[in-house]
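# Descriptive structure summary
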Amino acid sequence: MARKFTPSVKLTDNDVTDESVYRQRRQFLKTLGFVGASAALSGPAQAFGLFGSDDKTPVASTQPLVFTKSAKYQTSETQTPYDKVTTYNNFYEFGTDKSDPAENAQGFKTDPWTLTIDGMVENPLTLDHGALTKRFALEERIYRMRCVEAWSMVIPWIGFELGTLIKAAKPLSSAKYVAFTTLYDPAQMPGQKSRFVGGGINYPYVEGLRLDEAMHPLTLLSVGLYGKTLPPQNGAPIRLVVPWKYGFKGIKSIVRVTLTDQQPGSTWNILAPDEYGFYANVNPHVDHPRWSQKTERRITTGGLFSTKVIPTEMFNGYQEVAPLYQGMDLKRFF
Ligand SMILES: Nc1nc2c(c(=O)[nH]1)N[C@H]1C(S)=C(S)[C@@H](COP(=O)(O)O)O[C@H]1N2
Ligand SMILES: [Mo]
């Protein structure tokens, strides 16, 4: 079915497809009468959500951000186009299909917002919506993101180091871990209202890091991508990015960061402890019980149906984090 859909073959992506190009493309498809025809499509076309949403859905506006680019975090790898980064998502609060978040999160209200940093700190902090993008200097970092489901993307995030925020809160010497919590608001998040829509997860979504992982300079709090504020489906207004770990550690739409001396809960680890560990370091030598982690499908340019199978690298290629795990059995602490 999808293969007969020739217009998608002509509409190939360039290295970076920006939002306006994406909108023009949707308009073009609409003119041809394809938008809204999702019921007739299956497979990747539907997964990428390009044909799934209807045009009554209000599209959340994204704002340009002021940021610097440091040479260290640029890349020669092809970046995953904007339309794929923002239509192929995991955000179960808005549904479990990859195309659900882009369709169901557009009305998500992220302003006003408060992010609280509390627990074992000398100086608890509360950041409001404006402070998220203004209190700390923003920079662009292009990171690989490897989902535990064995697909990956290359994404130009905008954000600041989590360590900067933690230092501002002055952690007590007794603090050993950092716990994160996503907003709980069933009125806005259909997956929190219905266990069926939300994939059987007990919300709010929670995540955690060891304090030394949280303080590592690679660990980012992201407020944007491709130069603009995060679309709701990517975790607006602020989400975690830990590039050497599986994507589920990258908790979205965070309201609370709590310093603690206990290992925090991690939603997927709680749900299926044999399949998803607390550490969740990308590791080609430790397979998921139901699939191999040796390779990944890179979601890249070249049209909706093209993915490139590439070998998965230890720590997703971020070898500089290896010292954090010296002497640990990473098969046991997966
Ligand atoms: N609150 C919340 N955060 C979440 C998830 C989620 O369902 N809820 N999914 C995780 C998973 S499995 C992945 S792979 C990434 C996906 O991020 P992206 O949609 O921006 O690519 O978000 C993570 N953060
Ligand atoms: Mo994931």
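Residues numbered from 1 in each chain as written. Chains lettered and ligands numbered in written order. Predicted model: local features only at pLDDT ≥ 70, side-chain atom pairs only at ≥ 80, totals over all residues. Heavy atoms only, no water.

### Comments concerning the overall build of the protein chain
If you tally the helices and strands in the protein chain, you get ten helices and 13 strands. When each of the 334 residues of the protein chain is scored for burial, the buried share is 56%. Taking as baseline every contact in the protein chain between residues at least 6 positions apart, the subset at least 24 positions apart corresponds to 72%. In the structure as shown, the protein chain presents an accessible area of about 14,800 Å², 54% of it carried by carbon and sulfur atoms. (Helix = DSSP H or I, 4+ residues; strand = E, 2+ residues; numbered from the N terminus. Buried < 20%, exposed > 50% of the residue type's maximum accessible area, 1.4 Å probe, protein only. Contact = heavy atoms within 4.5 Å. Areas by Shrake-Rupley, 256 points an atom, 1.4 Å probe, with all protein chains shown as cover.)

### What about the pattern of salt bridges?
Going through the model one piece at a time under the given rule, you end up with 14 salt bridges. Between Lys98 and Glu149 there is a salt bridge whose closest N-O contact spans 3.1 Å. With Lys98 in the loop between helix H4 (82-85) and helix H5 (100-104) and Glu149 in the loop between strand E4 (139-146) and strand E5 (151-161), the pair connects residues that are 51 residues apart, well separated along the chain. Relative accessible area serves as the criterion here: at 15%, Lys98 is assigned to the buried category. A salt bridge links Arg141 to Glu139; the nearest nitrogen and oxygen atoms lie 3.1 Å apart. For the pair formed by Arg141 and Glu139, the shared burial category is buried. (Salt bridge = Lys/Arg side-chain N within 4 Å of Asp/Glu carboxyl O.)

### A word on the UniProt feature "binding site: Mo-molybdopterin" (unreviewed entry) in the protein chain
Here the UniProt-annotated "binding site: Mo-molybdopterin" (unreviewed entry) positions come out as Asn89, Tyr92, Glu93, Cys147, Thr182, Asn234, Arg239, Gly250, Ile251 and Lys252. Along the chain, Arg239 turns up in strand E10 (residues 239-241). Residue classification places Arg239 among the buried residues on the basis of a relative accessible area of 4%. Contacts of Arg239, omitting those with residues within four sequence positions, involve Trp157, Leu220, Leu221, Ser222, Leu230, Asn234, Gly250, Ile251, Lys252, Ser253 and Ile254. Tracing the chain through its elements places Gly250 in the loop between E10 and strand E11 (254-260). In this view, Gly250 contacts Arg239 and Leu240; residues no more than four positions away in its chain are not counted. (UniProt positions renumbered as here; feature names shortened; annotations may be inferred.)

### Observations regarding the pairing of strand E12 (residues 295-299)
The side chains of a regular strand alternate, first on one face of the sheet and then on the other. For E5 and E12, the ladder comprises two bridges, and the chain directions are parallel. Residue Ser152 lies in a different strand from E12, and its bridge partner there is Arg298. Pairing analysis gives five bridges linking E12 to strand E13 (residues 307-311), with the strands arranged antiparallel. Across the sheet, the residue bridging to Arg297 is Val309, located in E13. (Pairing = 2+ DSSP bridges.)

### Concerning the site of ligand 1
Around ligand 1, a shell composed of 16 residues is seen, among which Asn89, Tyr92, Glu93, Gly250 and Lys252 lie nearest. The separation between a nitrogen atom of ligand 1 and a polar side-chain atom of Glu93 is 2.8 Å. With respect to ligand 1, the side chain of Thr182 contributes an N or O atom lying 3.0 Å from a nitrogen atom. Look at ligand 1: alone it shows 540 Å² of surface, and the protein chains cover 98% of it. (Near = heavy atom within 4 Å. Polar contact = N/O pair within 3.5 Å; in protein donor to acceptor, adjacent residues only side chain to side chain.)

### Focus on unusual backbone geometry
Following Tyr203, the chain continues into Pro204 via a peptide bond in cis, with omega recorded as 5 degrees. Summarising the element assignment, Pro204 is placed in the loop between helix H8 (190-193) and strand E7 (206-210). Note that the residue after Ala236, namely Pro237, is joined by a cis bond; omega there is 0 degrees. Considering the arrangement of structural elements, one finds Pro237 in the loop between strand E9 (228-229) and E10. Of note in the backbone geometry, Ala150 takes a positive phi value of approximately 75 degrees without being a glycine.

### Structural notes on the side chain of Asn283
Relative to the elements of secondary structure, Asn283 occurs in the loop between helix H10 (267-271) and E12. A relative accessible area of 7% places Asn283 in the buried class. The contacts of Asn283, once residues within four sequence positions are left out, are Tyr246, Gln293, Met314 and Leu330.

### So, the side chain of Thr87
When you line up the elements, Thr87 lands in the loop between H4 and H5. For Thr87, a relative accessible area of 3% puts it in the buried group. Side-chain polar atoms of Thr87 contact the backbone oxygen of Asp83, separated by 2.5 Å.

### Structural notes on helix H7 (residues 162-169)
Residues separated by three or four positions in an α-helix point in the same direction, a consequence of the helix having 3.6 residues per turn. For H7, the tally of buried residues reaches six of eight residues, placing the bulk of the element in the interior. When we look at burial in H7, the residues that qualify are Leu162, Gly163, Leu165, Ile166, Ala168 and Ala169. Backbone geometry just after H7 places Lys170 at a positive phi near 55 degrees.

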